[in-house]
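Next come the chains, spelled out residue by residue.
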Amino acid sequence: MAEQKYQDRITDIGPPDYHEFLPPVIKDNYGKWKYHEILEPGVLVHVAESGDELYTVRVGGTRAMSIEHIREICDIADKYCGGHLRFTTRNNIEFLVSDKAKLEPLKKDLMSRGNKFPIGGTGAGVTNIVHTQGWLHCHTPAIDASGVVKAVMDELFEYFTSMKLPAQVRISLACCLNMCGAVHCSDISILGIHRKPPLVEDHRLDAVCEVPLAIAACPTAAIKPAKKTIEGKEVKTVVVNEERCMFCGNCYTMCSAMPLADFEGDGVALWVGGKVSNSRCAPKFSKLAVPFIPNEPPRWPSTVKAIKKIVEAYAKGAHKYERIGEWIERIGWERFFDQAGITFTHQHIDDYRLAMTTWRTTTQFKW
């Protein structure tokens with residue numbers, strides 16, 4: 001299939017055809033699957049029209065992995081899966097087993113390695129948290145990514161290895177408002193926010209930055225050129241209109257003399273109620289729940305506590321198959337705030353100039 005498709009190609013640019021890497025059982029039954037079901041937390045079976053079965057064992061993974069860890073994963077796949085595995089979009093690892101006799105030995109092997117390969121993340125539970133780069137790599141984060149995710153999942157671990165929630169719970173994290181994570185449409189979203197404009201290092205800006213590029217990078221035109229006298233010498237610099245600044249960090253991308261990170265100004269905002277599924281109701285955007293929680297590395301206890309309280313309130317009060325957003329709309333946001341221990345503040349009122357489409361314009365409140 002792949003050879004025919006690429007026989008006339010004159011370049012090797014681009015990825016190879018993914019069909020080359022499919023397990024034989026998937027190639028033989030491609031597009032002919034009859035059904036699939038979850039046998040237990042973390043274990044699925046797909047049954048083809050031909051009667052062939054493919055078993056999947058899902059385990060939690062991390063976004064940043066060491067070479068040694070990846071080699072260990074590959075060794076397990078070689079031993080039980082003919083070398084076949086896949087990564088999900090939420091950084092889970094799925095071992096694909098076509099021989100049912102190898103299913104139980106694979107599970108025992110994974111469990112014998114402690115919590116390195118926790119089996120779960122399926123059905124009505126909490127699956128892995130998809131997240132952004134954080135302090136590990138990105139230059140504009142307000143919070144860390146991997147550290148917060150680790151702390152949160154340590155506390156919600158019981159919900160990863162079980163399916164005892166009313167429905168699936170998708171949690172995501174973006175370490176700043178540029179949001180290269182899915183925080184706009186998750187059941188619970190962890191968002192890092194900046195609250196202070198960039199610090200302009202006048203003494204070195206002209207030496208390390210192209211001033212026109214820094215000005216052009218601002219999406220709200222909040223940066224203007226300026227001149228200042230420092231130690232008797234006139235230097236070129238910029239000034240920031242704080243009222244127009246949206247704390248995006250684009251200027252810092254272009255100019256390292258305009259750092260945005262600030263220990264007191266940066267922190268966490270929690271959003272809830274989003275989903276991308278069409279089941280029962282249309283997809284939903286996440287809405288603000290907690291406006292600001294201070295940065296508390298390395299374990300972010302206040303953030304973890306707030307998230308766990310939301311999950312436990314949802315587990316206690318939601319109906320079967322209800323997502324968090326559907327549960328909130330049924331009981332009303334007033335009652336949700338009360339059950340989750342959240343205080344309503346002026347930050348919860350959307351003041352965007354076109355926000356009238358999101359406002360509740362009825363007098364019917366649910367207390």
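Refer to the structure above for everything that follows.
This one's a predicted model, so the numbers in the text were calculated from it and none came from an experiment. (Residues numbered from 1 in each chain as written. Predicted model: local features only at pLDDT ≥ 70, side-chain atom pairs only at ≥ 80, totals over all residues. Heavy atoms only, no water.)

Look at helix α5 (residues 146-155) against helix α10 (residues 301-317): their axes get within 10 Å of each other, and the N-to-C directions meet at 45 degrees. What the angle tells us is that α5 and α10 run oblique. In the crossing of α5 with α10, the sense of the turn from one axis to the other is right-handed. Contacts from A151, V152 and E155 of α5 reach α10 at V304, I307 and K308. Its residues assigned to classes, the contact of α5 with α10 comprises 4 nonpolar, no polar and 2 charged. (Axes fitted to C-alpha atoms, helices over the stretch in contact; angles between N-to-C directions. Helix = DSSP H or I, 4+ residues; strand = E, 2+ residues; numbered from the N terminus. Parallel < 35°, antiparallel > 145°, perpendicular 65-115°, else oblique. Left-handed = near helix turned anticlockwise from the far one by under 90°. Contact = heavy atoms within 4.5 Å. Nonpolar A, V, L, I, M, F, W, Y, C, P; charged D, E, K, R; others polar.)

Evaluation of the coordinates by the stated rule reveals 1 disulfide. Here C209 engages in a disulfide with C255; their sulfurs sit 2.0 Å apart. Taking the torsion about the S-S bond as the criterion, the C209 to C255 disulfide, at about 80 degrees, is right-handed. In this pair, C209 is assigned in the loop between α7 (202-208) and α8 (211-216) and C255 in the loop between α9 (250-254) and β11 (267-272), connecting sequence segments 46 residues apart. C209 sits in the buried class, given a relative accessible area of 9%. With a relative accessible area of 0%, C255 lands in the buried category. Counting only cysteine sulfurs, C138 is the nearest neighbor of C175, a cysteine outside any disulfide, at a range of 5.1 Å. We classify C175 as buried; its relative accessible area is 2%. Here C248 is not disulfide-linked; the sulfur of C218 is the nearest cysteine sulfur, at 6.2 Å. Among the residues examined, C248 registers a relative accessible area of 12% and is labelled buried. (Disulfide = S-S within 2.5 Å. Buried < 20%, exposed > 50% of the residue type's maximum accessible area, 1.4 Å probe, protein only.)

Let's shift gears to the packing of helix α3 (residues 67-80) against helix α4 (residues 103-111). Running from N to C, α3 and α4 point in directions that differ by 160 degrees, and their axes come no closer than 10 Å. On the basis of the axis angle, α3 is roughly antiparallel to α4. As for how α3 packs across α4, the hand of that crossing is right-handed. Taken together, the residues of α4 that come into contact with α3 (itself represented by I76, K79 and Y80) are P105, L106, D109 and L110. In the contact of α3 with α4, the residues fall into 5 nonpolar, no polar and 2 charged.

Further remarks concern the sheet that holds strand β12 (residues 287-294). Remark on secondary structure: sheet strands pair via backbone hydrogen bonds, oriented parallel or antiparallel. Spatially, 5 strands are ordered β6-β7-β8-β11-β12 in an open sheet, and the strand pairing comes out mixed. Unpaired on one side and paired on the other, β6 (130-131) and β12 mark the two borders of the sheet. The sheet contact formed by β6 and strand β7 (residues 171-174) spans 2 bridges and is parallel. Paired with H131 across the bridge in β7 is L173. (Pairing = 2+ DSSP bridges.)

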